[in-house]
Amino acid sequence: ETDRVAYWWANRMLTSDTPLREKVALFWHGHFATNEDKVRDYRKMLQQIELFQREGLGKFGPLMVAVAKNPAMLQFLDAGANVKDAPNENFAREIMELFTMGVDNYGETDVREAARAFTGWNFRGLEFVVNPRDHDNTDKTFLGETRNFDGEDIIEKILDQDITAVFIASKLYRYFVRDELTPEYARELGARFRALDMNVARFLELLFLSKDFYSQRVQGHRVKPPVELMVSTYHKLGLAQV
């Protein structure tokens, strides 16, 4: 069944009337990395792919919340083991390190306190649930603020950090334009992404209409990842199905 999902998506990439939507979904699939080996449920993987297709070009904030509540992500990062008497830090650490702020922009105390805020987050079948008996309903100190944070509060606090806009804007730039990016330009891109309310479609429009995107230092620079290379090769060969 997992192979059928993979073929379904590959053929959708090949025949879609909205290829950018599929390319952005593929970007988020790599950014919010999960895999079937651990999730072990093709339905959850399909549900996550459809989330990226549906919400990937929208605002990053709602997408981040939806991904955090997604059963595939919850399974992959051991949410079921994160309970108030024994918080598991996997989920909290990955959200900050890989999904939003990057390394060195938070401390170990922030990881521990965020983990407490996410206690009780789990899934039942394909639905997100919060188990009240497993949730730590006391004050936590996160990124310098102390209050009774829950999981969504933690995500909101992360989204308020300027480094989050810089991190996501930089990653989009490197994926769609080129790898080379100075710290100064990264901060500028982050400010522009923030000014657009972290709307991915509007930010990509800004990139695609920029002089930078059409400059000689960009043309022919980007190496296509394997899936893109496969789909573009099928297009060039005139093949209609993977």
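Look up a bit, the structure's there.
Treat the numbers as computed from the prediction; the structure is a model and nothing was measured.

**Q** A description of the overall build of the protein should follow, citing residues and the corresponding values.
**A** The helix and strand tally for the protein stands at 13 helices and four strands. Compactness check: the protein gives a C-alpha radius of gyration of 19 Å against a globular reference of 18 Å for 242 residues, within 12% of the reference. Seen through its C-alpha atoms, the protein measures out along the principal axes to roughly 60 × 45 × 25 Å. Residue pairs at least 24 apart in sequence account for 63% of intrachain contacts in the protein once pairs closer than 6 positions are excluded. Computing the positive centroid from 32 side-chain charges and the negative centroid from 37, the protein places the two 4 Å apart.

**Q** How would you summarise unusual backbone geometry if you had to cite specific residues and measurements?
**A** In most cases, non-glycine residues show a negative phi, while peptide bonds are predominantly trans. Not every positive phi belongs to a glycine, and Arg-40 is a case in point at roughly 55°. Since its relative accessible area comes to 67%, Arg-40 is described here as exposed. Despite not being glycine, Asp-78 has its phi angle at roughly 60°, a positive value. Within the secondary structure layout, Asp-78 lies in the loop between helix 6 (71-76) and helix 7 (90-100).

**Q** Please give an account of the packing of aromatic side chains that cites residues and values.
**A** Aromatic ring pairs are defined here through the distance separating the ring centres and the angle between the ring planes. All chains considered together, the criterion is met by 18 aromatic pairs. Geometry around Phe-76 places Lys-38 over its ring, the cationic atom sitting 5.6 Å from the centre. Cation over ring: Arg-222 sits above Tyr-175, and NZ or CZ is 5.1 Å from the ring centre.

**Q** Summarise helix 13 (residues 226-236); cite the residues concerned and give the values.
**A** Those residues of helix 13 lying buried are Glu-228, Val-231 and Ser-232. Projected onto a plane normal to the axis of helix 13, the buried residues spread over an arc of 95° and lie on a single side. Among the structural elements, helix 1 (2-15), helix 2 (19-31) and helix 10 (162-176) are those in contact with the buried residues of helix 13. Where helix 13 terminates, the next one or two residues include Gly-238, which has phi positive at roughly 75°.

**Q** Tell me about the pattern of salt bridges, residues and numbers included.
**A** With the rule as written, the count across this model stands at 21 salt bridges. Of the charged contacts, one joins Asp-78 and Lys-38 as a salt bridge, the two residues approaching to 3.1 Å between their closest N and O atoms. You can see Asp-78 sitting in the loop between helix 6 and helix 7 and its partner Lys-38 sitting in helix 3 (residues 36-39), a full 40 residues away along the chain. Relative accessible area serves as the criterion here: at 34%, Lys-38 is assigned to the partly exposed category. In this structure, Arg-178 and Asp-212 form a salt bridge, with 4.0 Å as the shortest nitrogen-oxygen distance. Taken as a pair, Arg-178 in the loop between helix 10 and helix 11 (183-195) and Asp-212 in the loop between helix 12 (200-208) and helix 13 lie far apart in primary sequence, 34 residues in all. With a relative accessible area of 14%, Arg-178 lands in the buried category. Among the charged side chains, a network of salt bridges with common partners joins Glu-145, Arg-147, Asp-153 and Lys-157.

**Q** Account for helix 7, with residues named and values stated.
**A** Because each turn of an α-helix spans 3.6 residues, side chains separated by three or four positions end up pointing in the same direction. Phe-91, Ala-92, Ile-95, Met-96, Phe-99 and Thr-100 are the residues of helix 7 that are buried. Each buried residue of helix 7 sits inside an arc of 125° when the element is viewed along its axis, so together they form one side. Taken from the residues just after helix 7, Gly-102 is the one with a positive phi, measuring 85°.

**Q** Tell me about the pairing of strand 1 (residues 121-124), and please be specific about residues and values.
**A** In the sheet, strand 1 pairs with strand 2 (residues 127-130) via four bridges, with the strands oriented antiparallel. In the sheet register, Arg-124 faces strand 2, and the bridge partner there is Glu-127. Linking strand 1 back to strand 2 in an antiparallel pair, the connection comprises two residues, with Gly-125 at a positive phi of about 65°.

**Q** Quick rundown of the environment of Arg-202? Include the residues and the values.
**A** Assignment of secondary structure puts Arg-202 in helix 12. Residues Arg-202 and Pro-87 lie 115 residues apart in sequence; the distance between their C-alpha atoms is 38 Å.

What counts and how
Residues numbered from 1 in each chain as written. Predicted model: local features only at pLDDT ≥ 70, side-chain atom pairs only at ≥ 80, totals over all residues. Heavy atoms only, no water. Helix = DSSP H or I, 4+ residues; strand = E, 2+ residues; numbered from the N terminus. Rg over C-alpha atoms; globule rule 2.2 N^0.38 Å. Contact = heavy atoms within 4.5 Å. Lys, Arg positive; Asp, Glu negative; His and termini not counted. Charge placed at Lys NZ, Arg CZ, Asp CG, Glu CD. Buried < 20%, exposed > 50% of the residue type's maximum accessible area, 1.4 Å probe, protein only. Phe/Tyr/Trp six-rings, centres within 6.5 Å; stacked < 30°, edge-to-face > 60°. Lys NZ or Arg CZ within 6 Å of the ring centre and 35° of its normal. Arc of directions from axis to C-beta. Salt bridge = Lys/Arg side-chain N within 4 Å of Asp/Glu carboxyl O. Pairing = 2+ DSSP bridges.

None of this, on its own, says anything about what the molecule does.
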